[in-house]
Amino acid sequence: QVQLLESGGGLVQAGESLRLTCTASGRIFSTNTMAWYRQAPGKQREVVASIILGGKTYYADSVKGRFTISRDYAKNTLYLQMNMLKSEDTAVYYCNQRPRGEPADVGSWGPGTQVTVSS
């Protein structure tokens, strides 16, 4: 199974920006769905954003207008640009990839990267 690794997390103040990167150890088919999830302590995992072939994207209402998901097919890399960060965005962020139309657990997960936003 493809191995994923997230990077770019850290500690920032509210209103600042971060860009998360997800790199894959092997080639991911361009038809696969790629997505970012996050989980805060005591809360369930939630999808943040996803992207499919052709560039169609989905965003959770809580991040829409502030976050942007993008994919570099040549580099087999996924990005999440996070602007105007809020304390509510504090969580561990995970990268996921899976075949089109399949649930997230069918695919691969990265170990996560911590994002902490102070106010």
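An account of the accompanying structure is given in this report. Nothing here was measured: the structure is a model prediction, and the numbers come from that model. (Residues numbered from 1 in each chain as written. Predicted model: local features only at pLDDT ≥ 70, side-chain atom pairs only at ≥ 80, totals over all residues. Heavy atoms only, no water.)

Considering the pattern of salt bridges
And then number 1: Taken as a whole, this structure holds four salt bridges when the rule is applied.
And then number 2: When the shortest N-O distance is used, the salt bridge between E46 and R38 registers 2.8 Å.
And then number 3: Overall, the relative accessible area of 6% leaves R38 in the buried class.
And then number 4: It is possible to trace a salt-bridge network through shared partners that takes in R38, E46, R66 and D89. (Salt bridge = Lys/Arg side-chain N within 4 Å of Asp/Glu carboxyl O. Buried < 20%, exposed > 50% of the residue type's maximum accessible area, 1.4 Å probe, protein only.)

A closer look at the nonpolar core
And then number 1: In terms of nonpolar packing, the biggest core is built from 26 residues, with W36, L80, M82 and Y93 touching the most fellow members.
And then number 2: Contributing elements (two or more residues each) for this core: β3 (18–24), β4 (33–39), β5 (46–51), β7 (67–72), β8 (77–82), β9 (91–98) and β11 (113–118).
And then number 3: Those residues in contact with M82 that sit more than four places away from it in its chain are E16, S17, L18, L20, R66, F67, Y93 and V115. (Core = buried A, V, L, I, M, F, W, Y, C linked by side-chain atoms within 4.5 Å. Helix = DSSP H or I, 4+ residues; strand = E, 2+ residues; numbered from the N terminus. Contact = heavy atoms within 4.5 Å.)

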